[in-house]
Amino acid sequence: MALFCRHSERCSYVGGTLFAILCKHINASALRNIDYVCYCGATRASITHHQAIRDNMAEISAKDGTQETIVNLIGSFGSIFLLNYFSSSRAEWILIISLMVLHLYTNFLAVKALIFNTFNRERLALVLKSYFTIGSVLNPAKVNVNESVLLGFGLNVKRMCGFDIVLGESIKKSLNDYAAADIKLLQSVYKDKKYMLLVNGTKKKIYVCLEKGETAADVIAGYFHAVCLGIATSIYNSLDLDIYARRQLHHPTPITRLYTYMKSYEKSHNHFRNLPPNYLMDFNEFVKQEHSMFFTALDIQGWNIDSHSLAVGEFRIDWKSSQSKKTI
């Protein structure tokens, strides 16, 4: 009977110890996975796509999953050993938090080490800023140094051109600001492009309306054109822009060329006005020249315009025929 009691106590002690270790390990894993949530989803897909330089995303994903499983297994055994080694609850929490901070810091260094040659909003904004202010395009390595790791803390294109650029979203409400005659004129302005631009002065947004079947280069071209139009519209309405204050005075740059070009137009001072469609016809010729120089510079600096990570909505329109391909 005494032997049975001692055996029961021993089993109870071992079971309780294992249960405590398991609980500690679960807590540690839960805390460790807080930053893993940030890594999953779009960020992980973007990194995997970046690593698949030979269009072998399936192979990269499989290897990534295998390596992750092995590392997690080693980490699980290591965490069980460490949590069992420390008897103080305070020491355990200090260890867990220290390892979390170390893990986040190494992730930060890993993300900073990545050099993407495709555009997201911030990378494109940084490249556009350098192009307009100094007349040259930064290469992917230099842009990577200036790109913010934290979402929402990077360069906002609105600070550059005075408008938010919206890609592929519904323009139903924005059409109320345009007369039917103006819409017809806009159709002729953008008849040879894969996009149409609509300016909403109230919301300070420029809608890039995409045609079905657009390529990544078309999206980037539409974004570039929208930024040019935003700067021109701000100059036309005598609105101050930070990008113009940073212009180079010793040699001509795109922003100085654009400002000089807009001097030929009568400015609006009483209230906000969009550029008239007849102005847009001539303005397109200016943008066409800048577009050619900008895309040539992108190619020289090694940027890939065959794909992108810009957020694009699902709405598409067809202004080149009477039948719409998708309801706006």
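Here the structure is a predicted model, which is why all the values come from computation and not from measurement. (Residues numbered from 1 in each chain as written. Predicted model: local features only at pLDDT ≥ 70, side-chain atom pairs only at ≥ 80, totals over all residues. Heavy atoms only, no water.)

1. Notes on the pairing of strand β3 (residues 205-210)
Most of β3 is tucked away, with five of its six residues classed as buried. In this sheet, β3 lies alongside strand β1 (residues 164-167) in parallel orientation, the contact comprising four bridges. Its bridge partner being in β3, I165 is matched across the sheet by I206. Pairing analysis gives six bridges linking strand β2 (residues 195-200) to β3, with the strands arranged antiparallel. (Buried < 20%, exposed > 50% of the residue type's maximum accessible area, 1.4 Å probe, protein only. Helix = DSSP H or I, 4+ residues; strand = E, 2+ residues; numbered from the N terminus. Pairing = 2+ DSSP bridges.)

2. A short note on the packing of aromatic side chains
Evaluated as defined, the whole model comprises 13 aromatic pairs. Seen in terms of ring centroids, Y131 and F224 are 6.1 Å apart; in terms of plane orientation they differ by 65°. Their pairing is edge-to-face. Remark: F224 occurs in helix α10 (residues 216-236) and Y131 occurs in helix α6 (residues 121-134); sequence separation between them is 93 residues. The burial state of Y131 is the same as that of F224; both residues are buried. Between Y261 and F286, the aromatic rings sit 5.0 Å apart at their centres with planes inclined by 25°, giving stacked as the arrangement. With a gap of 25 residues between them, Y261 in helix α12 (residues 254-262) and F286 in helix α13 (residues 277-300) connect regions that are remote in the sequence. (Phe/Tyr/Trp six-rings, centres within 6.5 Å; stacked < 30°, edge-to-face > 60°.)

3. Some thoughts on the UniProt feature "transmembrane region" (unreviewed entry) in the chain
On the UniProt side, "transmembrane region" (unreviewed entry) is annotated at positions that read residues 70-87 and 93-115 here. Between the C-alpha atoms that bound residues 70-87 there is a distance of 28 Å. The span itself is 89% helix and 0% strand. In this annotation, residues 93-115 is assigned 91% helix and 0% strand; the end-to-end C-alpha distance for the span is 35 Å. (UniProt positions renumbered as here; feature names shortened; annotations may be inferred.)

4. Some thoughts on the pattern of salt bridges
Counted by the stated rule, this structure contains four salt bridges. A salt bridge links E214 to R316, with the shortest nitrogen-to-oxygen separation between them at 3.0 Å. One end of the pair, E214, is in the loop between β3 and α10; the other, R316, is in the segment after α13, with 102 residues separating them in the sequence. Between E290 and R257 there is a salt bridge; the shortest N-O distance is 2.8 Å. Here R257 lies in helix α12 and E290 lies in helix α13, a separation of 33 residues in the sequence. Using a relative accessible area of 4% as the deciding quantity, one classes E290 as buried. R257 gets classed as partly exposed once you look at its relative accessible area, which sits at 29%. (Salt bridge = Lys/Arg side-chain N within 4 Å of Asp/Glu carboxyl O.)

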